[in-house]
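# Working through the structure, step by step
Chain by chain, the residues:
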Amino acid sequence: MADPSSYRPKPGQIPDSPGVYKFRDEHRRVIYVGKAKNLRQRLANYFQDLAGLHPRTRTMVTTAASVEWTVVSTEVEALQLEYSWIKEFDPRFNVKYRDDKSYPYLAVTLNEEFPRVQVMRGAKKKGVRYFGPYGHAWAIRETVDLMLRVFPVRTCSAGVFKNAERTGRPCLLGYIGKCSAPCVGRVTPEEHRDLAEDFCDFMAGRTGTYIRRLEKDMMQAAEEMEYERAARLRDDAEALKRAMEKSAVVLADATDADLIAVAEDELEAAVQIFHVRGGRVRGQRGWVTDKVEAVDTAGLVEHALQQLYGEETGDSVPKEVLVPALPEDPDAVSQWLADRRGSQVSLRIPQRGDKKDLMGTVQRNAQQALGLHKTKRASDLTTRSRALEEIAEALGLDTAPLRVECFDISHLQGDDVVASMVVFEDGLARKSEYRRFQIKGFEGQDDVRSMHEVIGRRFKRYLQEKERTGEWEDTPAPTGPVPAPGAPVPAPGGPVPAPGGTGETDGAGEAGGTAEAPRIAETPGTAETPGTGEPGPGTVAPAAQDPVTVREEPREDDGRPKRFAYPPQLVVVDGGQPQVAAAKRALDELGIDDIAVCGLAKRLEEVWVPDDDDPVVLPRSSEGLYLLQRIRDEAHRFAITYQRAKRAKRIRSSPLDDVPGLGETRKQALIKHFGSVKKLRQATIDEICEVPGIGRRTAESVAAAFATAAPAAPAVNTATGEIIEEDDGGSRT
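All of these numbers come straight from a predicted model, not from anything done at the bench.

Before going further, it helps to examine the pairing of strand β14 (residues 415-425). Taking burial as the measure, the eleven residues of β14 include nine buried ones, the bulk of the element. Where strand β13 (residues 403-412) and β14 come together, nine bridges link them in antiparallel fashion. The residue bridging Ile409 from the neighbouring strand is Ala419, located in β14. Across four bridges, the pairing between β14 and strand β16 (residues 435-438) is antiparallel. By the bridge assignment for β16, Ala419 is matched with Phe437. In the sheet, β14 pairs with strand β15 (residues 428-429) via two bridges, with the strands oriented antiparallel. Following the sheet pairing, Phe424 is matched in β15 by Ala429.

Next comes the structure, spelled out in structure tokens:
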């Protein structure tokens, strides 16, 4: 535990300007990022008597070993730079909201020639129009099914679409009138795009126009005694009304707004968001977070705003955002939201009427979400704690293994031999720490030798990181200002609030889109600290000067989480006594004797430990055994996925891949011109030169590549005995 006075900056060294600061631990990892209107006042609060600090803040400052800061000209720039650092360094003491699930969106791919309506999850893509999020994917499919009667937009995948183009026959939806069948030319690309844009307009809330148009056409058809057409139009109008009924009207004035509510206790906080478009609730989502810092409701709201709008631009940011408490600097946050939207955004607390009533509904949802999460987590924590304790007791460990790494080997009859490393912390998978390896030391099938190589390579990297970060040395960490990164990368996160005083609370969330980074100017006299690559005092962005972007050179000690810097308390290998012995031997050769090793054999689920002829047998009902099985199975899944991908890539390779200067476009042009790799192999140099974009030198290289490559054995369909011909790029179909 460090004494904060050991790294406290000298009096007068900290400027009284707006800026962003970061605390690093003894290994130079960034553990906290914050912002302030006045850096001197804010940082001074961290170095007061430890007894007067909040327990979470006290933990942070005693974990830290140095503090650095960057001066900016405005609070908005500080907000943007804070996002960048939180995303880049992922500090452990910043509040980070985690989605309790991946919410589905209704997406329209307007970036394609024939836009497609589909369910999408994950990161948003450029050129795709999103609606939602929805609570369940089936809710999206029900809505789409109703609307396809009126807006028969394509919903099929690219493969189905291409197959229909090739055969000239549409899919079932084309026959029953729920797709306009652009794949077979029933509508032009322009007509299909108009349908997709009408679909988007309806989903965006402009519903009255389409329903009135359908009812007018229905009445006209009835007057002309076209009763069957009138009945179809009636059914279409009813379908649109049913789709509208799925989102009830909550605000009569057709408001576009997001309502954010927070429920919290001493340890955790839950956030619920209702997306209201055109006066109707179009989506709902929520997060739950651990309060790793002493943050109030205003700070939680600021974190939530960053998480929500950090990657949004344009109409995705609504005109109005209703919150239970305003951030400590509402003007800076409002300006940031306006920059992302491109127009004014109102950030306020609802005081009366329908909006206040709806905020009460959102608040109740947040309270229920927090209660449900606490109930579920209490059960999960108890189970995980019991499992780790059982493992520690069975293996004779002094403490529960909070970090466990598991290794597995995968191959197919000795080809494409790979290995995986998965990491579980506190009984939960930490997928950002997963790693995969190619076996390089030998060829062939030898799981024991492969395990020895992989364990050796992993822990050699650990020792290198340990030595490089100076963990074996007793050198003080530098303290002082540092330049900002060249371009901010948005990210979730938030602050450890300044203890005492009225300093700025820091935000959490993800920034992205088109927001520019605060540009940092380096004043004359900035010196580089010898031996560290760190700049000394004096890095500022004065408002009086035109800012100049400073780009840092890549540094090893940049505070990012390192790949192999953290040792596990327990290494698990997928296998029995031979694999365990190989892993232990690799550790012994490196002089590592403080990491436990065990193996889990698949046949009887026995746990093997080094230098013991008898396995440890855990009861079948043991939570410890169940956790080991989950870790082992995850390592197996990760390894076999990589091995299959590697094998598939090798199978799809062709001699064209070895031709220098031949990219994917010209490769496809060759295949398209000749029809198959087989015909291309038989072509002369002059015939290859006839392909547009292929010169004589390239043609000679292509011919030479096929001449030196051994012809592949024909693939056979084992079900029919049919020989499968080559067609594109050497792959077989």
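Let us keep going from here.
Glancing now at the side chain of Arg24. Relative to the assigned elements, Arg24 resides in strand β1 (residues 19-25). By relative accessible area, Arg24 is classed as buried at 0%. Of the polar contacts made by the side chain of Arg24, one reaches the backbone oxygen of Arg28; its length is 2.8 Å.

With that settled, the discussion passes to the pairing of strand β20 (residues 570-574). The buried fraction of β20 is high, at five of five residues. Judged from the four bridges that link them, β13 and β20 form a sheet pairing that is parallel. Bridge assignment links Val404 to a residue of β20, and that residue is Leu570. With five bridges connecting them, β20 and strand β21 (residues 596-601) associate as parallel partners. Within β21, the residue paired with Val572 across the bridge is Cys598. Between the parallel pair β20 and β21, the chain is carried across by helix α14 (residues 577-589), and the sense of this crossover is right-handed.

This next bit is on the confidence of the model for the protein. In this model, the protein carries an average pLDDT of 76, and 78% of its residues clear a pLDDT of 70 or more. Within the protein, the lowest mean pLDDT, 34, falls on strand β18 (residues 528-529), and the highest, 91, falls on β20. Low confidence marks residues 473-478, where pLDDT is under 50. Its contacts with residues over four positions away, or in another chain, come to eight contacts. Between residues 726-733, whose pLDDT stays under 50, and residues either more than four places distant or in other chains, the model counts 33 contacts.

Attention shifts here to the packing of aromatic side chains. Per the stated rule, a full pass over the model turns up twelve aromatic pairs. Between Phe151 and Phe202, the ring centres sit 6.0 Å apart and the planes meet at 50°, which makes this aromatic pair tilted. One end of the pair, Phe151, is in the loop between α4 (137-147) and α5 (158-167); the other, Phe202, is in helix α7 (residues 189-203), with 51 residues separating them in the sequence. This pair shows no difference in class: Phe151 is buried, exactly as Phe202 is. Taken together, the aromatic side chains of Tyr7, Tyr21, Phe23, Tyr32, Tyr46 and Phe47 make up a single cluster linked through ring pairs. The ring of Tyr175 carries the charged tip of Arg186 above its face, separated from the ring centre by 6.0 Å.

Okay, the packing of helix α10 (residues 297-309) against helix α11 (residues 330-341) next. The geometry of α10 relative to α11 is characterised by a closest axis approach of 12 Å and an angle of 5° between their N-to-C directions. Judged by the angle between their axes, α10 and α11 are roughly parallel. Two secondary-structure elements touch here, α10 through Glu302, Leu305, Gln306 and Tyr309 and α11 through Val333, Trp336, Leu337 and Arg340. Taken together, the residues that form the contact of α10 with α11 break down as five nonpolar, one polar and two charged.

So, about a nonpolar patch on the surface. There is a patch of nonpolar side chains on the surface, built from Leu172, Tyr175 and Ile176 and spanning about 370 Å² of accessible area. You can see Tyr175 is positioned in helix α6 (residues 172-175).

Moving on: the pattern of salt bridges. Within this structure, the stated rule accounts for 24 salt bridges. Of the charged contacts, one joins Arg24 and Glu68 as a salt bridge, the two residues approaching to 3.0 Å between their closest N and O atoms. Of this pair, Arg24 sits in strand β1 while Glu68 sits in strand β3 (residues 64-71), and the two are 44 residues apart along the sequence. Across the pair, exposure class does not vary: Arg24 and Glu68 are buried alike. Residue Arg403 is joined to Glu433 by a salt bridge in which the shortest nitrogen-to-oxygen separation is 3.4 Å.

Another aspect to go through is a negative patch on the surface. Together, Glu113, Glu165, Glu190, Glu191, Asp194 and Glu197 line one region of the surface with negative charge. With four residues, the single largest contributor to the negative patch is α7. Here Glu113 shows up in the loop between β5 (105-108) and β6 (117-120). Among the residues examined, Glu113 registers a relative accessible area of 54% and is labelled exposed.

Within the element layout of this structure, Leu587 appears in helix α14. Residue Leu587 is classed as buried on the basis of its relative accessible area, which comes to 1%. For Leu587 and Val597, which are ten residues apart along the polypeptide, the C-alpha to C-alpha distance reads 9.4 Å. When sequence neighbours within four positions are dropped, the list of residues in contact with Leu587 reads Ile455, Phe459, Ile592, Ile595 and Val597.

Assignment of secondary structure puts Thr109 in the loop between β5 and β6. Aside from chain neighbours lying at most four places away, what touches Thr109 is Pro115, Arg116, Gln118, Met120, Gly127 and Val128.

Quick notes on the rules
- Residues numbered from 1 in each chain as written.
- Predicted model: local features only at pLDDT ≥ 70, side-chain atom pairs only at ≥ 80, totals over all residues.
- Heavy atoms only, no water.
- Buried < 20%, exposed > 50% of the residue type's maximum accessible area, 1.4 Å probe, protein only.
- Helix = DSSP H or I, 4+ residues; strand = E, 2+ residues; numbered from the N terminus.
- Pairing = 2+ DSSP bridges.
- Polar contact = N/O pair within 3.5 Å; in protein donor to acceptor, adjacent residues only side chain to side chain.
- Right-handed = clockwise from strand over helix to strand, strands pointing away.
- pLDDT = per-residue confidence, 0-100.
- Contact = heavy atoms within 4.5 Å.
- Phe/Tyr/Trp six-rings, centres within 6.5 Å; stacked < 30°, edge-to-face > 60°.
- Lys NZ or Arg CZ within 6 Å of the ring centre and 35° of its normal.
- Axes fitted to C-alpha atoms, helices over the stretch in contact; angles between N-to-C directions.
- Parallel < 35°, antiparallel > 145°, perpendicular 65-115°, else oblique.
- Nonpolar A, V, L, I, M, F, W, Y, C, P; charged D, E, K, R; others polar.
- Patch = residues over 30% accessible without salt bridge, like charges linked within 9 Å, V, L, I, M, F, W, Y side chains within 5 Å.
- Areas by Shrake-Rupley, 256 points an atom, 1.4 Å probe, with all protein chains shown as cover.
- Salt bridge = Lys/Arg side-chain N within 4 Å of Asp/Glu carboxyl O.
- Lys, Arg positive; Asp, Glu negative; His and termini not counted.
- Charge placed at Lys NZ, Arg CZ, Asp CG, Glu CD.

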